[in-house]
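Remarks on the overall topology
Letter by letter, the chains look like this.
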Amino acid sequence: MIKRAKVAFEKCWNAFQREFKLMEPEIRIMKPVPKGIKKSNHEYQLPCSICGEIAIGYKIGIGQFDKEEKLLYRGIICGSSLNKGLADDLFESLENEDLAGVHEFMRKHHSYEGLDAYCPECDKIYCWNHYKLEEEWDEGFYDCTYGECPKGHKRMIDD
Ligand SMILES: [Zn+2]
Ligand SMILES: [Zn+2]
């Protein structure tokens, strides 16, 4: 009687183990990528929504060609130094993980294409690996870059 109970228990345990093993990879994939990462009060990063690789970085600092502190931006195809006075506005959007707000900020203060790693239709960030980039050249001169997200939304991300 005791033996039978033990066997039943082991069977159950094995089944549980098996089930658990099957679930493991799923868990790994399902592990949510944070929308935004706050490194400090002066530094934020936006990871790719698929692989988690950092696609966008913002921080207060002195860039290579700057004489004073700036709001430094690094995207998947370009980087730049913005006026430090704009940081509060931007950091508020980052704090709220408001990606559309960050995109809008970039459209206003950086370029019409906005946040280069951002797909507005998905409301998601993609790294250069997942936002398929396509450069266009016009008679030997760089013209613009298109990005296509994994869902097939295509837009110009740099001009
Ligand atoms: Zn990625
Ligand atoms: Zn998309």
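Residues numbered from 1 in each chain as written. Chains lettered and ligands numbered in written order. Predicted model: local features only at pLDDT ≥ 70, side-chain atom pairs only at ≥ 80, totals over all residues. Heavy atoms only, no water.

Coordination sphere of the zinc ion (ligand 1), protein contribution only: Cys-48 (SG), Cys-51 (SG), Cys-127 (SG) and His-130 (ND1), at 2.1 to 2.4 Å. Counting along the primary sequence, the residues that act as donors to the zinc ion (ligand 1) give the motif C-x2-C-x75-C-x2-H. One end of the pair, Cys-51, is in the loop between strand S2 (43-47) and strand S3 (54-61); the other, Cys-127, is in the loop between strand S7 (124-125) and strand S8 (132-138), with 76 residues separating them in the sequence. Classification of Cys-51 as partly exposed rests on a relative accessible area of 43%. Residue Cys-127 is classed as buried on the basis of its relative accessible area, which comes to 1%. (Donors = N, O, S within 2.8 Å, 3.2 Å for Na, K, Ca; no water. Helix = DSSP H or I, 4+ residues; strand = E, 2+ residues; numbered from the N terminus. Buried < 20%, exposed > 50% of the residue type's maximum accessible area, 1.4 Å probe, protein only.)

The next thing to look at is the confidence of the model for the protein chain. Averaged over every residue, the pLDDT of the protein chain is 88; the share at 70 or more is 81%. When mean pLDDT is compared element by element in the protein chain, strand S6 (residues 118-119) scores highest at 98, while helix H1 (residues 2-30) scores lowest at 59. (pLDDT = per-residue confidence, 0-100.)

Attention shifts here to helix H2 (residues 87-95). Within the span of H2, buried status applies to Ala-87, Leu-90, Phe-91, Ser-93 and Leu-94. Buried residues along H2 cover an arc of 155 degrees about the axis, so they all sit on one side. When the buried face of H2 is taken as reference, the exposed residues oriented beyond 90 degrees from it are Asp-88 and Glu-92. The inward-facing, buried residues of H2 contact S2, S3, strand S4 (70-74) and helix H3 (99-109). Remark: Glu-97 follows H2 within two positions and exhibits a positive phi of approximately 50 degrees. (Arc of directions from axis to C-beta. Contact = heavy atoms within 4.5 Å.)

For the zinc ion (ligand 2), the full set of protein donor atoms is Cys-119 (SG), Cys-122 (SG), Cys-149 (SG) and His-153 (ND1), and the range of their distances to it is 2.0 to 2.3 Å. Viewed at the metal, the four donor atoms of the zinc ion (ligand 2) are separated by angles of 102 to 120 degrees, and the geometry they form is tetrahedral. Along the chain, the residues donating to the zinc ion (ligand 2) fall in the pattern C-x2-C-x26-C-x3-H. Assessed through its relative accessible area of 3%, Cys-149 is described here as buried. (Tetrahedral: all angles 85-135°; square planar, octahedral: opposite > 155°, others 65-115°.)

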